[in-house]
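# Structural characterization, general
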Amino acid sequence: MAMLAATSAIDFVKVVPVTPYIGLRRRHFCGRSGFRSVVATMTGALDICAKAAVGAPDKLGDCPFTQRVLLTLEEKHIPYNTKLINLSDKPDWFLQISPEGKVPLIKIDDKWIPDSDVITQILEEKYPEPSLATPPEKASVGSKIFPTFIGFLKSRDPNDGKEQALLDELRALDEYLKANGPFIDGERVSAVDLSLAPKLYHLKIVLGHFKKWSIPEEFSYVHNYIKALFSRESFLHTQAAEEYVIAGWAPKVNA
């Protein structure tokens, strides 16, 4: 998940072999089940540590914050190599560069940098074209959807207002998109969309599986927004398979 306020990168000089599971340049893509072709490690590509799927350490796992970074790399056409990390059995070399044992973690200019907020900001500054910058006044649109989704997911009381809180946030997004869409910044995809897209993907899968709940059809602008984001090539290349999203959330739901 996201890491808290990291203000400086972590220096790491040990050379670590890159596991070439996923990269920007790939020969074949196989829908939601992941990449079936072996991708050669790319010279000059950025290295990123990502969560491996629960029960499938050679597949991309269910971290929406990591997908946000991967989406940014894809949309900016920045080549990268992915190291999949089994978070239940973290290798020693990973703990050396990430003492808290969290992902995402990316290596830029020989420094390992944590936290998706920090990473995406640095990527925007270092690789300004194409721009994904979101106007400051729009950067918080939809920001309460993810925490209210988690609150509803964990709720055991149908009368505690958690479902209504989520519906209120989705309605607010629907109204915003009706007036300003199709994306948060109008016609162009920006950083805030790349942050929201993985969270809406998890919401859709997890609530559908564990609560048999779906976003009401009346929120047509939200549905169109989701369809537009989920159909982008960058999203198709970086999404975790549905079964791995469910497997990743199961311990939290059943806790």
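### Quick word on the overall build of the protein chain
Along its length, the protein chain carries nine helices and six strands. Considering the protein chain as a whole, with its 255 residues, one finds that 50% of them fall into the buried category. A separation threshold of at least 6 residues defines the contact pool for the protein chain, and within that pool the share at least 24 residues apart is 74%. Of the roughly 12,300 Å² that the protein chain leaves accessible, carbon and sulfur atoms contribute 53%.

### Side note on the pattern of salt bridges
Tallied over the entire structure, the rule returns eight salt bridges. In this structure, Lys51 engages Asp62 in a salt bridge whose closest nitrogen and oxygen atoms are separated by 2.6 Å. On the criterion of sequence distance, the pair formed by Lys51 in strand β2 (residues 46-53) and Asp62 in the loop between β3 (56-60) and α1 (64-75) is long-range, its members being 11 residues apart. Taken individually, Lys51 and Asp62 each receive the classification buried, so the pair is uniform in this respect. Residues Arg68 and Asp117 are paired through a salt bridge, measuring 2.6 Å at the closest nitrogen-oxygen approach. Here Arg68, found in helix α1, pairs with Asp117, found in helix α3 (residues 116-126); they are 49 residues apart in sequence, far enough to count as distant. Via salt bridges that share partners, Lys138, Asp185 and Arg188 belong to a single interconnected network.

### Details of the pairing of strand β6 (residues 111-114)
Examined bridge by bridge, strand β5 (residues 105-108) and β6 share four bridges and lie antiparallel to one another. In the sheet register, Ile106 faces β6, and the bridge partner there is Ile113. Taking the residues that link successive antiparallel strands as the turn, the β5-β6 hairpin has two residues, and the phi of Asp109 there is positive, at about 55°.

### Considerations on the packing of aromatic side chains
Across all of its chains, the model carries 10 aromatic pairs by this definition. Ring centres of Phe230 and Phe235 lie 4.7 Å apart, and the angle between their planes is 15°; this geometry places the pair in the stacked category. Accessibility assignment for this pair places Phe230 and Phe235 in one class, buried. Grouped by ring-pair contacts, the aromatic residues Phe65, Phe146, Phe149 and Trp249 constitute a single cluster.

Definitions and cut-offs
- Residues numbered from 1 in each chain as written.
- Predicted model: local features only at pLDDT ≥ 70, side-chain atom pairs only at ≥ 80, totals over all residues.
- Heavy atoms only, no water.
- Helix = DSSP H or I, 4+ residues; strand = E, 2+ residues; numbered from the N terminus.
- Buried < 20%, exposed > 50% of the residue type's maximum accessible area, 1.4 Å probe, protein only.
- Contact = heavy atoms within 4.5 Å.
- Areas by Shrake-Rupley, 256 points an atom, 1.4 Å probe, with all protein chains shown as cover.
- Salt bridge = Lys/Arg side-chain N within 4 Å of Asp/Glu carboxyl O.
- Pairing = 2+ DSSP bridges.
- Phe/Tyr/Trp six-rings, centres within 6.5 Å; stacked < 30°, edge-to-face > 60°.

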